[in-house]
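Listed here are the chains, written in short residue letters.
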Amino acid sequence: QVQLVESGGGLVPAGGSLRLSCAASGDIFNSYVMAWFRQAPGKERAFVALISWSSGSTHYADSEKGRFTISKDNAKNTVYLQMNSLKPEDTAVYYCAARKPFSKEFDYWGQGTQVTVSS
């Protein structure tokens, strides 16, 4: 079993920055893929970025490229999402997720952290 706990959300003015953290515990393995998703009010959950625990390779949604950076600290079992140049449309609940090798879906989810960007 894997537990994911997000933190770092809050209220920030447009153009500001936030860094989200996702602390993983339990049977987390180096072969997992970690990701951030977000869900805005009235919208479906959307992919933001992912990172491989083992290789560190990353992938981003097109709308976040250049503004958001996903990173990890293996020693702390923590994944980060650095968000810069925030826009009001970035307002959402941000979720951390973990996917086991060969799994088609993300297997574990955190409880989410609210990010609100004021205009």
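Residues numbered from 1 in each chain as written. Predicted model: local features only at pLDDT ≥ 70, side-chain atom pairs only at ≥ 80, totals over all residues. Heavy atoms only, no water.

Asker: Pulling in residues and values, what's your account of the overall build of the protein chain?
Answerer: Within the protein chain one finds zero helices and 11 strands. In sequence order, the secondary structure elements of the protein chain are arranged as β-β-β-β-β-β-β-β-β-β-β. A compact globule built from 119 residues would reach a C-alpha radius of gyration of about 14 Å, and the protein chain, at 13 Å, matches this within 12%. When its C-alpha atoms are laid out on the principal axes, the protein chain stretches across 40 × 25 × 25 Å. Counting over 119 residues, the protein chain shows a buried share of 44%. Taken as a whole, the protein chain presents about 6,200 Å² of accessible surface, with 49% of it coming from carbon and sulfur. Looking at the protein chain, you have 12 positive and 10 negative side-chain charges, and the mean spots of the two groups are 3 Å apart. (Helix = DSSP H or I, 4+ residues; strand = E, 2+ residues; numbered from the N terminus. Rg over C-alpha atoms; globule rule 2.2 N^0.38 Å. Buried < 20%, exposed > 50% of the residue type's maximum accessible area, 1.4 Å probe, protein only. Areas by Shrake-Rupley, 256 points an atom, 1.4 Å probe, with all protein chains shown as cover. Lys, Arg positive; Asp, Glu negative; His and termini not counted. Charge placed at Lys NZ, Arg CZ, Asp CG, Glu CD.)

Asker: Help me get a handle on the packing of aromatic side chains, residues and values and all.
Answerer: The relation between two aromatic rings is expressed through the spacing of the ring centres and the mutual angle of the planes. Summed over all chains, the structure comprises five aromatic pairs. Plain terms: the ring middles of F29 and Y32 are 6.0 Å apart, the flat faces sit at 50° to each other, and that makes the pair tilted. Ring geometry for F37 versus F106: centroids 5.2 Å apart, planes at 80°, classification edge-to-face. One end of the pair, F37, is in strand β4 (residues 33-39); the other, F106, is in the loop between β9 (92-99) and β10 (108-109), with 69 residues separating them in the sequence. (Phe/Tyr/Trp six-rings, centres within 6.5 Å; stacked < 30°, edge-to-face > 60°.)

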